[in-house]
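# Structural description and commentary
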Amino acid sequence: MAKRKTPRREQPVSVWPALEEQLAAANVVPGSALEKLIRDNQDAGMLDPSESPNDIWKLPLWIRVYFRKQHPELEFRGPGAGYPVALKEIHTWMTHHQDLPVATAGTASRK
Amino acid sequence: MPANVSITQDTSNPYSESDLRYNPNNPLQVIAASNYNNITLPSSTTTQAQYYSTDGGATWAQSSSPTAGVSSGGGLPAVTGDAFQSDPTVDWTSDGTAWALTLGINASETDLIVRSFKSTNGGKDWTYDSDVSGSQTGTDKETLWVDHSPTSAYADNMYVIWHLIADAYVSVRQGPSGTWSTPLLVSGSGASATTFTAYGGDIKTNADGDVFAFWPNAGGQTLLVVKSTNGGTSFDALASTPTQIATTFGSFLIDIPAEDERGCRIYISGGAYKTAALDMVYACWADLSGGTGCDSSSDGPGSDVTSTCKTRIWFALSNNGGTTWQPAVKINDQASLNDQFFPRLAVDDTTGNLMIVYYDTVSDPNRLKTDVWMQCSTDNGATWTTAVKITSAETDEATASEDEGNQYGDYIGLTVCAGQYFACWTDRRGGGNEQIWGSAISIPFSYFIVDKNTYGVDEVNDSHSYDNAFSVAVEGASPNSLGSAIPNLTGPFYSISSISPSTSPLPFPTYASSGDPDTPQRILFTYNVDFPSGANIPPFPAAGPAPDYVSEQLNSSISFPGFTAGPLAAPPTLFELVSGEDPYFTNINPNDNNPFYLSQDLRVFTLTPGLAGQNNAMNGPTPFTPTGGIAYTAQDPTAAYNYIRGLLSYLNDPSNGYTNPQGTDPFTLFPDQGAFLTADSTVAPNKPNSGDPGNPWTSYNFAVAKVRMVGKTGDSAGPVRVFFRLFIAETYDTSYDTTNYYPFNADTAGLPATPKPGPGNETYPFLATGDYSASSLNSDYGSGGSGGVNSQTITVHSMDVGGTQAYFGCFLNVYDSSIQSQVLAAGTHQCLVAQIAYDGAPIENSSTVTYSPENSDKLAQRNLQITPGASPHLIPQSFDTKPSPAIPPGATGFLNYPDELMIVWGNTPRGSLASIYWPQVDAADVLELASAIYSSNTLSASDPHTLQFPVAGDVTYIPIPQGTRNFAGLFTVDLRSTVVRGQEFTVTLRRIATKRGGREPVAGSNRLARRSLAVSHEIGNWRYIAGTFQVKIPISTKELILRPEENTLAILRWRLERMPVSNRWYPVLERYIEIIAGRVLSLGGDPKLIPPSLTGYHPGPVHPHPLREPWEEFTGKVIAIIYDRFGDFEGFRLLTEHGHEESFRGREPEVESLVYRAWEERILITVRVHEHDRHWPAAIIYRRP
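Here the residue numbering is sequential within each chain, running from 1 through the sequence in written order. Chain A is the first chain written and ligand 1 is the first ligand written, with later ones labelled in order. Since the coordinates come from a predicted model, pLDDT governs what is reported: local features require at least 70, and pairs of side-chain atoms require 80 or more to be given and counted, while whole-chain, interface and lining totals use all residues.

The next point concerns the pairing of strand 61 (residues 984-994) of chain B. All names here are of chain B. The exposure label follows from counting other C-beta atoms within 10 Å of a residue's C-beta, where the C-beta atoms are placed from the backbone and the thresholds are 20 or more for buried and 12 or fewer for exposed, leaving partly exposed in between. Elements are defined by DSSP. Helices are runs of H or I of four residues or more, strands are runs of E of two residues or more, and each kind is numbered from the N terminus. Burial within strand 61 is extensive, with 8 of its 11 residues counted as buried. The pairing criterion for strands is at least two bridges between them, as found by DSSP. Bridge count for strand 55 (residues 900-904) against strand 61 is 5 bridges, and the pairing is antiparallel. Across the sheet, residue I903 finds its bridge partner in strand 61, namely L989. Sheet analysis places strand 61 next to strand 62 (residues 1023-1034), joined by 11 bridges and oriented antiparallel. Its bridge partner being in strand 62, L989 is matched across the sheet by F1029.

Moving on to the domain arrangement of chain B. Along its sequence, chain B is carved into domain 1 (445-561), domain 2 (602-865), domain 3 (874-1036) and domain 4 (1111-1184). Between the C-alpha centres of domain 2 of chain B and domain 4 of chain B the distance comes to 52 Å. Where each domain starts and ends comes from a domain assignment, either automatic or drawn from a database.

On to the packing of helix 8 (residues 1038-1058) of chain B against helix 9 (residues 1066-1082) of chain B, then. Residues and elements named next belong to chain B. Every angle, taken between N-to-C directions, lies between 0 and 180 degrees, and every axis is a line fitted to C-alpha atoms, over only the stretch in contact when it is a helix. Contact geometry for helix 8 and helix 9: axes closest at 9 Å, N-to-C directions at 150 degrees. By the angle between their axes, helix 8 is roughly antiparallel relative to helix 9. Relative to helix 9, helix 8 is oriented so that their crossing is left-handed. Between helix 8, through L1042, E1045, E1046, T1048, L1049, L1052, R1053, R1055 and L1056, and helix 9, the contact on the second element is made entirely by L1069, E1070, Y1072, I1073, I1076, A1077, R1079 and V1080. By definition in this entry, angles of less than 35 degrees are roughly parallel, angles greater than 145 are roughly antiparallel, angles of 65 to 115 are roughly perpendicular, and the rest are oblique. The handedness criterion is simple: a crossing whose near helix is rotated anticlockwise from the far helix by less than a right angle is left-handed, and one whose near helix is rotated clockwise is right-handed. Here, residues touch in the contact sense if the C-beta positions derived from the backbone fall within 7 Å of one another.

As a further point, take the sheet that holds strand 22 (residues 311-318) of chain B. All names here are of chain B. Strand order in this open sheet of 4 strands is 20-21-22-23, and the pairing throughout is antiparallel. Each edge of the open sheet is held by one strand with a lone partner, namely strand 20 (269-274) and strand 23 (329-330). Taken together, the 8 bridges between strand 21 (residues 279-288) and strand 22 define a ladder with antiparallel strand orientation. Counterpart to L288 in the pairing with strand 22 is T311.

Here we take up the nonpolar core. Residue and element names in this part refer to chain B. By convention in this section, buried Ala, Val, Leu, Ile, Met, Phe, Trp, Tyr and Cys residues joined through C-beta atoms within 7 Å make up a nonpolar core. Of all hydrophobic cores here, the largest spans 324 residues; its most connected members are A213, M355, V357 and A423. When near neighbours in sequence (up to four residues on either side) are disregarded, M355 contacts A346, M374, C376, L414, V416, Y421, I441 and I443. If you look at the next biggest cluster of nonpolar residues, it comprises 9 residues, including V1118, F1132, L1134 and V1169.

Here the focus is the sheet that holds strand 1 (residues 5-6) of chain B. Within a sheet, adjacent strands bond to each other through the backbone by hydrogen bonds, running parallel or antiparallel. Residues and elements named next belong to chain B. The 4 strands lie next to each other as 1-30-29-28, forming an open sheet whose pairing is antiparallel. In this open sheet, the two edge strands, each paired with only one partner strand, are strand 1 and strand 28 (413-417). By the bridge criterion, 5 bridges tie strand 28 to strand 29 (residues 420-427) in an arrangement that is antiparallel. Residue T415 lies in a different strand from strand 29, and its bridge partner there is F422.

Turning next to the interface of chain B and chain A. Residue-level contacts link 50 residues of chain B with 35 residues of chain A. Looking at the side of chain B that touches chain A, the elements that each hand over two or more residues are strand 6 (84-92), strand 7 (98-106), strand 9 (127-131) and strand 10 (140-146) of chain B. Only Asp, Glu, Lys and Arg are considered charged, only Ala, Val, Leu, Ile, Met, Phe, Trp, Tyr, Cys and Pro nonpolar, and every remaining residue, Gly among them, polar. Classifying every residue of the side of chain B that touches chain A gives 22 nonpolar, 20 polar and 8 charged.

Next comes the structure, spelled out in structure tokens:
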């Protein structure tokens, strides 16, 4: 009998807090853009098996998944996931700007 | 304490994580940047904070973002889409453009882009330049470096390294006019690719323009480097690409108690240094210390302060351009449970010296609070100095209120330019918001400070020993880093003399801040010089028709950790041996070891002819005889001049026996000589007349100098002239300056024939035949300086044995009204200097010696107390200071150093508070100078022209600023309240100057505007003691002090009435009078009853002042009680009923109790002060709770 292949990234469902816990931890304002973002980014299977709420990043599930979705071009070569350290500040900013505005002040970017 | 300076100016927001850089073409310009952490503000955009300095980092300003609607605290403009910015890095290009890079972060979309910004006005205003990271939007931790090497083929190339998850990228820009290249992957691919993260890279260049890109491979737990020799086009110059520097125990991040929220990241700080003989590459990083339980990525102390696992700073070097690396070492592996983190390395490209700064919790037994520490290496990384503490206060980021978990951020900054380093770090000393602080730092260096470096044959034969003749100074080392190391002295002068450590009055060694054993400071080793067998010829030169000099060199080096392979050497100094058989003074009695400024060969005595037995200095000469019918209570200068001439005639008559060196010393017969070796001579105007108290007996004061000459019968020298000059105030500036202090009318040889007053009467001549005038000069010195009572031909008489002694003198007519008003400035003490002017042995400053009474046998000094007074707790002492010389263009080494005031506190109680009032000086200028040249200092400004400093150690150093004319000054010491009657304290003030002339030391760069001393092994300039005066503070009873204080007040008020307001001494005299009046009041007198009087205060009001209420009252509540650094009560602040804050001072325990109760119980009080002394309460009245 052929062995069923284990999915390449499979995390026990119980590693990450429940959605409602995540929403509460972020002090989410109901109806905010942040709430929608959190709800839309719960795909724990996208993460490295070593990732957990208490790993070195101390970041919630949703922002890790969101970052990965935003940057499909990035290659995460394990062991571990090498997020930008600034992702922690991004998380802080998001929880304090829950409408997630895109800043309009300033000069246009030049490559 | 080190001169820490707050770089951040906005204290209402948190800042962390910083970088900074000197402009290598103008090190007065420094830029810095940090994260601005208030990203939780409702505003959708905040930007990176920028700072700039135009004075080498002494002071800082903070830029404001030019983008409308962007939160303040930031300096960079916003770029559309960026919610905030992070990860500051800065540098300069050679056109003077400042550059700052940051991560522009679109937080909503989690885009992170490396962006560059520039400033063309020194970092004040910034504009967006362009993006660096191409199309990448997941970047992090960028670092900028500009190739500043003038010998590099790629000078001005700009390099940036960052990581994109596990990849390290580099972009290059060919100077400010170029554009950023497409990002180049340098961390490899495939099997050699970095895993997990490449966070924490660095990029540096060497003199040839070789580029080294460093980064950690967190997944592989290795540190890697690649090299480019083509300006960053490719990084494949090493045989192995990448090359492994070392392995790490940890992986990426280690949690430690001091930064348990954010963690301590493993990142590399690199460096490179290349010469014709060296090709060095360096790397340092923080990692686990290794050993059992501390050597794997799962180890680490976490939040456990008792964990035996700790973090340490590791260092590795390559001596072949990065090809191979020596095993990594821990540069400071203490046995204690402490954590080191966030190292930053800088290499001085002018010397190759290295410095590393880092946080360390070692000072906190609880392992939570940090200080920034420094170690340096002067042997290309082979050895390191013991760590010294840079911060003057610790930081605690382990408390709950740190800013949103940012704590220290992720790194600190360090920059270097031609020997001067400057560090910046996250600091939370006040417990409020995190700020960025910084400090200038120096590699330790050493030099000589010479007090006496000229020795005459006759002088040495009279007196073999010279205490405290010179010192070796070590700057920038801490007492703990120096340990028990002492200088090793060598050289010809060491061989011909006996040199021994001096332990009095200063300890050996002397620490500028003995209470701070880990703080870099000036450490002084002072030595005595002895010639046990006298002035042997040779090495002393033989006598001849002209003065002959021999120079002998002395070397010093000191070996301590970090300076063992190559001990720290001082530039050599020279000592002059001078031939004899010229007229000379022997200022110091070898049996008594008196200070030079109380010369044994220059004496002052007083006659009060109205009193019995006080009309003659000794038996023999004609007594003081009044002129005509002039009473003994009136001034009779004619009689005084007659007397001194008669006395000198008597002393110079060989038949009386006083010209014989083996005969009786007439000075032992003079009155008032009991304390001539230990105290200033008192020159009083009168003595009490018990029969008529309102008309005291007039006193007359005289000076006599003894000039010696070695020789046999018939030997003669002449004309030998002696000039007597009184300095306008107490001063340590008595060096032989013929423009300001020792001007003269020349004889036909162009040498001094007669004295002249100095410009502005800085010095004033006194004579034996009359007050200063042309006719009196002619009488004293004869026509053309030949003949006259003070111009003699000295001859060895038949009855003289071994030589002869001749006497010269003057009447110190200091109580003449015109002298008092025109010559004597503020204060009660002056300096009297006698000068031997003999054409056969003129005083000539040489390239190695600047003469003064301290080191010349042709000058004798005696300090005088002319205005009678006492010195109670708050001793004021006026003194004169010459400004520091102007710095010549392109000056290096000591020529780029100001002169300094060195205060030796002796037995003055520690915890006393001293001040210097210099009305012609901005205190801020002095503080800036102190920050520039001292590793640490305790100076502060109590008002714009007053410096204040505690008596904290054995010595205090104060730099003297430049100026166009002398600074009138008032020195005060406020003693601790614990002093008791009978005690006496001695404070010595000395001036340290640079010997100017002679070869320049070999210097690294002459571009550095901040003071830095190049270490050189060529004989060059050195430091020397230019002059000294001493202040004695006797503690006595109110009853004994009051009358002398009243006398002083009367005389000083008289002078002030006649002094033009424009006189530079006027504000000093005003403040002096204010202090004395306050003292009179506190001693139970009434200063308003003391009228101005040239001759002092006599009982009974002469000019009763209109009575008016002398008090002021302030009613309010105590809002603050002030304690000094020793925990002693210092004063309090009162919030008045009118809403004003008033500050008052106090020392007494009883006052402290009253104030404390008023503060604790919120009692409404009234503080009553006298108009003369508004800061010291005369009464405290309790009103109601």
